[in-house]
Amino acid sequence: MSANSSTTNQNGKMVAPQGFNLFVYKTKKYLGQLDPYLTLMGIGLWLFAYWVLCEGLQIWRFDKLPGPVAISKDWFAVDPFQGISIFTQEYYDHIIVSCRRILIAFGIATAFGVPLGLFMGWSRTIRDYIFPIIEVLRPIPILAWVPLSILLLPGFEGPVLFLATLASFFVTTLNAMLGVDSIDEEYFRAAGCLGSSRWDVFKNVVVPGALPFIFTGLQISIGVAWFSLVAAEMVSGDLGLGYLIVDAYMNNVTVPMVIAMITLGFIGYFSSALVRMLGNKLMAWHVKELSQQGR
Amino acid sequence: MTKEKNRNSGLGALSIKNVTKVYDPEGVNVMAVDNCSMEIAGSEVCMIVGPSGCGKTTLLNAIAGFHSVTEGSIHLDGELLCGPSKPLADQGADRMVVFQHGALFPWKTLQENVAYGPIVQKVLGSREAMDKAGTMLAEAGLGDFLTKYPGEVSSGMARRAEIVRALINDPKVLLLDEPYRAMDALTKQIMHESLLETYDRTGVTIFFITHDLEEAIFLGDKVHIVTTRPCQLKKTVEVKIPRPRSYETQSSEAFRKLLEEVSDAVHEEAVKAFQAGEREMA
Ligand SMILES: Nc1ncnc2c1ncn2[C@@H]1O[C@H](COP(=O)(O)OP(=O)(O)OP(=O)(O)O)[C@@H](O)[C@H]1O
Ligand SMILES: [Mg+2]
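Small disclaimer: the values here were computed from a predicted structure and weren't measured. (Residues numbered from 1 in each chain as written. Chains lettered and ligands numbered in written order. Predicted model: local features only at pLDDT ≥ 70, side-chain atom pairs only at ≥ 80, totals over all residues. Heavy atoms only, no water.)

## A closer look at the overall build of chain B
Counting its secondary structure elements, chain B contains seven helices and ten strands. The C-alpha radius of gyration of chain B comes to 19 Å, within 12% of the 19 Å expected for a compact globule of 282 residues. Based on the C-alpha atoms only, the size of chain B along its principal axes is roughly 60 × 50 × 35 Å. Buried residues in chain B amount to 54% of all 282 residues. When contacts within chain B are restricted to residue pairs at least 6 apart in sequence, those whose partners lie at least 24 apart make up 70%. Taken as a whole, chain B presents about 12,500 Å² of accessible surface, with 51% of it coming from carbon and sulfur. Measuring between centres, the 31 positive side-chain charges of chain B sit 2 Å from its 39 negative side-chain charges. (Helix = DSSP H or I, 4+ residues; strand = E, 2+ residues; numbered from the N terminus. Rg over C-alpha atoms; globule rule 2.2 N^0.38 Å. Buried < 20%, exposed > 50% of the residue type's maximum accessible area, 1.4 Å probe, protein only. Contact = heavy atoms within 4.5 Å. Areas by Shrake-Rupley, 256 points an atom, 1.4 Å probe, with all protein chains shown as cover. Lys, Arg positive; Asp, Glu negative; His and termini not counted. Charge placed at Lys NZ, Arg CZ, Asp CG, Glu CD.)

Laid out in structure tokens, this is it:
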């Protein structure tokens, strides 16, 4: 146990903490700062204002909304009054369906968008072919695609996946391309002078050089994927958190509606944190460079 | 690698003949280099000094094959790099560039950066290349930083690593573009010693652009002073101070005389450049 909680090895020499020790060290440092307490206070104030509006004073129109007390009562109840809580299977069914759809849509968009964007940045010819089309399709709001996708694809699943994929694809492609544009010309020259073939340049300069932009793009793109998924589920869906929101609204049960919204907030946050973590893992050089600059 | 390999072997002779380079963005011709000729012997340290924006980097880029020449030709050891029939030189590992702002790949460790050339040229397997890169970096005093990324080391170390990355390819010519620009005097001194040591070991031809006249005389066999834009050779000053040189040489009488000679010539051009600038503004 002692080996786990100290930064000193057997010889008594200081070593940089790693793994669990590093986590403990960072947590301690974090708790020693003012930030976490400010965050907690912010959350507290926000909840309090919400409670005052809906339940405390019951201001006009806010009295129609479920307040924090009503929501937490239902959310954590074994036998919820309005049907959805952490103890009901239905809640998880909706979550799982939405997450699975995101995984598929985001996966497809990334698998096609990243290479396409990279190739567009790398080769003038490919860019001339494809970029104008993308630039015209991209500004079309994703909801404008709904009728077309329903006409084009059968069932509930097809259109929903299509819309989420499309939205996320545009963001990813564009960012990957801009990532290549952002690479300093001198790296290409250096690579050329060191005797790289065109393919070597792609692997060793284009891909790693564009990576910071790609991951910024992926973080936005997973947010966009959630946004359009929920919109799609609300319009054409049988399951999923978006569907849960409209369904609850239609049936005049407001608590599950808000629970679904908050759940979306948390899942959205975690999915983008996951993407960021993966990015930091792949770009150790970038993280170290930024930390060197004190960021 | 055998030491003294091409020391004074005479390899790496650059012959620049009547090179002209005209840029024409937006239809306005900018003549950066005009009918410039220069002979650089193999294993020579050739320093280029001249006013800002006169076309020094343009000349270097033409040698390295980063852009074409409009007229004239450049030969390396008698072989045509670029000329009327072939305005753009092929980029190749026989001429290695150390860039004005540094261009180590930030996503590769120092060791991976250095090993990169031999790997892509398929001269060495990746294991051997990494080993060799490690050894050479250690020789340059960077043994403790093999696994660091360029963003994690000081600019002086990055610069030294970049020179090692160039030298691992056994180039005939090393092209340096103001490599020690933003460095403090102390770091610069260390960099100079390290470069001279490398030169003594390898005898690589050095084409070195600088604004620092003392640096030019301290390092060079010849100092070529070029005119304000368009760039032409104005004057060549031979530095006959024997090698190996140490920092004390900088206080010798011979050094001071040379410095005076060079600064007179440079000053003349700087004044011209300044006046030309004023005319353009007017
Ligand atoms: N790609 C380009 N297109 C048009 N003009 C250019 C281009 N590159 C350089 N020039 C112009 O050519 C001239 C010479 O530029 P160059 O970079 O070779 O100068 P330099 O001697 O290296 O200057 P410095 O000492 O500031 O580095 C400058 O006036 C510059 O504005
Ligand atoms: Mg320059």
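## A short note on the domain arrangement of chain B
Note on interface size: it is often stated as the accessible area lost on association of the parts. Residues and elements named next belong to chain B. You can read the domains of chain B as domain 1 (14-94 + 171-281) and domain 2 (106-170). Here domain 1 and domain 2 have C-alpha centroids that lie 26 Å from each other. Taken together, the contacts link 16 residues of domain 1 with eleven residues of domain 2. Approximately 1,000 Å² of surface area, both sides summed, lies buried where domain 1 meets domain 2, with 73% of it carried by carbon and sulfur atoms. Area buried by domain 1 at its contact with domain 2 is led by Ala-93, Pro-171 and Met-191, which between them contribute 39% of it. If you look at where domain 1 meets domain 2, you find one salt bridge. A salt bridge links Glu-139 to Arg-201, with the shortest nitrogen-to-oxygen separation between them at 3.6 Å. The interface formed by domain 1 and domain 2 contains one residue pair in polar contact (both at pLDDT 80 or more). (Domains from an automatic or database assignment. Buried area = accessible area lost by both parts, 1.4 Å probe. Salt bridge = Lys/Arg side-chain N within 4 Å of Asp/Glu carboxyl O. Polar contact = N/O pair within 3.5 Å; in protein donor to acceptor, adjacent residues only side chain to side chain.)

## A few points about the site of ligand 1
All names here are of chain B. The immediate surroundings of ligand 1 are formed by 14 residues, with Gly-53, Gly-55, Lys-56, Thr-57 and Thr-58 found nearest. In this structure, an oxygen atom belonging to ligand 1 sits 3.4 Å away from a side-chain N or O atom of Gln-100. Here ligand 1, which alone exposes 640 Å², has 66% of that area covered by the protein. When residues of the shell around ligand 1 are assigned to their parent elements, the largest contribution, three residues, is made by helix H1 (residues 56-64). Counted by class, the shell around ligand 1 contains four nonpolar, seven polar and three charged residues. (Near = heavy atom within 4 Å. Nonpolar A, V, L, I, M, F, W, Y, C, P; charged D, E, K, R; others polar.)

## Quick word on the interface of chain B and chain A
At the junction of the two partners, chain B supplies 26 residues and chain A supplies 21 residues. Taken over both partners, the interface formed by chain B and chain A buries close to 2,200 Å², and the fraction arising from carbon and sulfur atoms is 64%. Our enumeration of links across chain B and chain A arrives at zero salt bridges. Summed over the shared surface of chain B and chain A, the result is four residue pairs in polar contact (both at pLDDT 80 or more). For the side of chain B that touches chain A, the elements supplying multiple residues, two or more each, are strand E6 (95-98) and helix H2 (110-120) of chain B. Looking at the side of chain B that touches chain A residue by residue, the class counts come to 13 nonpolar, nine polar and four charged.

## Considerations on a nonpolar patch on the surface
Residues and elements named next belong to chain A. On the surface, Tyr-30, Leu-31, Leu-34, Tyr-37, Leu-38, Leu-40, Met-41, Ile-43, Trp-46 and Leu-47 cluster together into a nonpolar patch covering about 1,100 Å² of accessible area. Elements that contribute at least two residues to the nonpolar patch include exactly helix H1 (19-31) and helix H2 (35-56). Among the elements that line the nonpolar patch, the one with the most residues is H2, at seven residues. By the element assignment, Leu-40 lies in helix H2. You can call Leu-40 exposed: its relative accessible area is 59%. (Patch = residues over 30% accessible without salt bridge, like charges linked within 9 Å, V, L, I, M, F, W, Y side chains within 5 Å.)

## Side note on the domain arrangement of chain A
Residues and elements named next belong to chain A. Under the domain assignment, chain A is made up of domain 1 (3-73) and domain 2 (89-292). Each of domain 1 and domain 2 was reduced to a C-alpha centroid, and the two centroids are 29 Å apart. Each partner contributes residues to the interface: domain 1 has four residues there, and domain 2 has four residues. Carbon and sulfur atoms supply 84% of the area that domain 1 and domain 2 bury against each other, a total of about 370 Å² over both sides.

## What to know about the pairing of strand E3 (residues 45-49) of chain B
Residues and elements named next belong to chain B. Taking burial as the measure, the five residues of E3 include five buried ones, the bulk of the element. Alignment of E3 against strand E8 (residues 205-209), held across four bridges, turns out to be parallel. If you follow Ile-48 over to E8, its bridge partner there is Ile-209. Here E3 runs beside strand E9 (residues 222-226); their pairing, made up of four bridges, is parallel. In the sheet register, Cys-46 faces E9, and the bridge partner there is Lys-222. (Pairing = 2+ DSSP bridges.)

## Observations concerning the state of the cysteines
All names here are of chain B. All chains considered together, the criterion is met by zero disulfides over all chains. Free cysteine: Cys-36, not disulfide-bonded; nearest cysteine sulfur from Cys-231 at 4.5 Å. On the basis of relative accessibility, which here comes to 0%, the residue Cys-36 falls in the buried class. (Disulfide = S-S within 2.5 Å.)

## Things to note about the side chain of Arg-95 of chain B
In this structure, Arg-95 of chain B sits in strand E6. The exposure class assigned to Arg-95 of chain B is buried, which follows from its relative accessible area of 3%. Excluding residues within four positions of it along the chain, Arg-95 of chain B makes contact with Cys-193 of chain A together with Ile-63, Ala-64, Gly-65, Leu-76, Leu-81, Ala-89, Asp-90, Val-173 and Leu-175 of chain B.

## Some points on the packing of aromatic side chains
Scanning all chains against the criterion turns up 20 aromatic pairs over all chains. Ring geometry for Phe-20 of chain A against Phe-23 of chain A: centres 6.5 Å apart, planes inclined by 35°, an arrangement best described as tilted. Here the residue Phe-20 of chain A and the residue Phe-23 of chain A both occupy positions in helix H1, the gap between them amounting to three residues, near one helical turn. Linked through ring pairs, Tyr-187 and Trp-285 of chain A together with Phe-105, Trp-107 and Tyr-116 of chain B together constitute an aromatic cluster. The ring centre of Trp-60 of chain A lies 5.8 Å from the NZ or CZ of Arg-61 of chain A, which sits over that ring. (Phe/Tyr/Trp six-rings, centres within 6.5 Å; stacked < 30°, edge-to-face > 60°. Lys NZ or Arg CZ within 6 Å of the ring centre and 35° of its normal.)

## Side note on helix H4 (residues 155-167) of chain B
Taking 1.5 Å of rise per residue, the 13 residues of H4 of chain B would be expected to cover 18 Å, and the 18 Å separating its terminal C-alpha atoms lies within 8% of that figure. Across the 13 residues that make up H4 of chain B, a large majority, twelve, are buried. Here H4 of chain B has its buried residues at Gly-156, Met-157, Ala-158, Arg-159, Arg-160, Ala-161, Glu-162, Ile-163, Val-164, Arg-165, Ala-166 and Leu-167 of chain B. Buried residues belonging to H4 of chain B abut helix H8 (185-193) of chain A together with E6, H2, helix H3 (126-139), strand E7 (173-177) and helix H5 (185-202) of chain B. (Expected span 1.5 Å × (residues − 1).)

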